[in-house]
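One-letter residues, chain by chain:
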Amino acid sequence: MQLPAGTIQYTFADCLKWSGNEQFEIINGQAFLMAPLSRFHQSICFELGRQLGNFLDGKPCRVYPAPFAVRLFEKEGDRPEDIDTMVEPDLSIVCDSGKLDRYGCKGAPDMVIEVLSPSSLRHDRLIKLNLYQQAGVREYWIADPENRAVQVFLQDGNGFLRIHEEYGREDIARVNILDGCFIELGKVFAE
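Everything numeric in this text was worked out from a predicted model, so none of it was measured.

A. Structural detail: the pairing of strand β10 (residues 161-167). The pairing of strand β9 (residues 149-155) with β10 spans six bridges and is classified as antiparallel. Residue pairing across strands places valine 152 opposite glutamate 165, the latter belonging to β10. Between β9 and β10, which pair antiparallel in sequence order, lie five residues; one of them, glycine 157, sits at a positive phi of approximately 95 degrees.

B. Just the pairing of strand β1 (residues 23-27), in detail. β1 sits mainly inside the fold: four of its five residues count as buried. As defined by bridge partners, β1 adjoins strand β2 (residues 30-34) across five bridges and the pair is classed as antiparallel. Following the sheet pairing, glutamine 23 is matched in β2 by methionine 34. Here β1 folds back onto β2 in antiparallel fashion, the turn holding two residues, of which asparagine 28 has a positive phi close to 50 degrees.

C. Summary view of the state of the cysteines. As enumerated under the stated definition, the model contains one disulfide in all. Across the disulfide from cysteine 61 sits cysteine 95; the S-S distance is 1.9 Å. Where cysteine 61 bonds to cysteine 95 through sulfur, the torsion about that S-S bond is close to 105 degrees, and the disulfide is right-handed. Within this pair, whereas cysteine 61 is found in the loop between α2 (39-56) and β3 (62-65), its partner cysteine 95 is found in the loop between β5 (91-94) and β6 (104-106), the two being separated by 34 residues in sequence. Residue classification places cysteine 95 among the partly exposed positions, given a relative accessible area of 25%. The cysteine cysteine 15 is free of any disulfide, with cysteine 105 supplying the nearest cysteine sulfur at 15 Å. Residue cysteine 15 is classed as buried on the basis of its relative accessible area of 14%. Take cysteine 45: it sits in no disulfide, and the sulfur closest to it among the cysteines is that of cysteine 181, at 16 Å.

Rules used throughout
- Residues numbered from 1 in each chain as written.
- Predicted model: local features only at pLDDT ≥ 70, side-chain atom pairs only at ≥ 80, totals over all residues.
- Heavy atoms only, no water.
- Pairing = 2+ DSSP bridges.
- Helix = DSSP H or I, 4+ residues; strand = E, 2+ residues; numbered from the N terminus.
- Buried < 20%, exposed > 50% of the residue type's maximum accessible area, 1.4 Å probe, protein only.
- Disulfide = S-S within 2.5 Å.

This is how it looks when you write it as structure tokens:
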């Protein structure tokens, strides 16, 4: 849910001051309050994170669950006051440890997974897809709890995230940026 628009332009510096249990994202200076997550949503995130984490054990890439502040367009030397876009993907895979700091990721993760919620359908399918594309995320998954399906988007070489594959509940999904990594969706959508 976007907060009322006005003349206020938020930055990552504002996010660092906010307290409470609410989760926010800021996109082009506009703040979005994130709705509480369902138990099934959390179960999907956990299982995806577990399988990815097990595969990545001992490897240079790492998986990070939300809350994990991803400042997609942060450049070297930017201060928190300079950053007007910060998102909290459900899961982020980062292979370059130089992008990590105490808050999360500076720049685009290698892979992002978003699990749809009724309140996030448009946000994840349009707004965030466009942001991840602009930032250079190499692989983007949208997990759909209602249909128990996953859509996989890959960078096409021209800077566009294009639909690459769709998987159903019983499929084994290939993680394209990680050689030899496959996700058992039957376990992800077990409920």
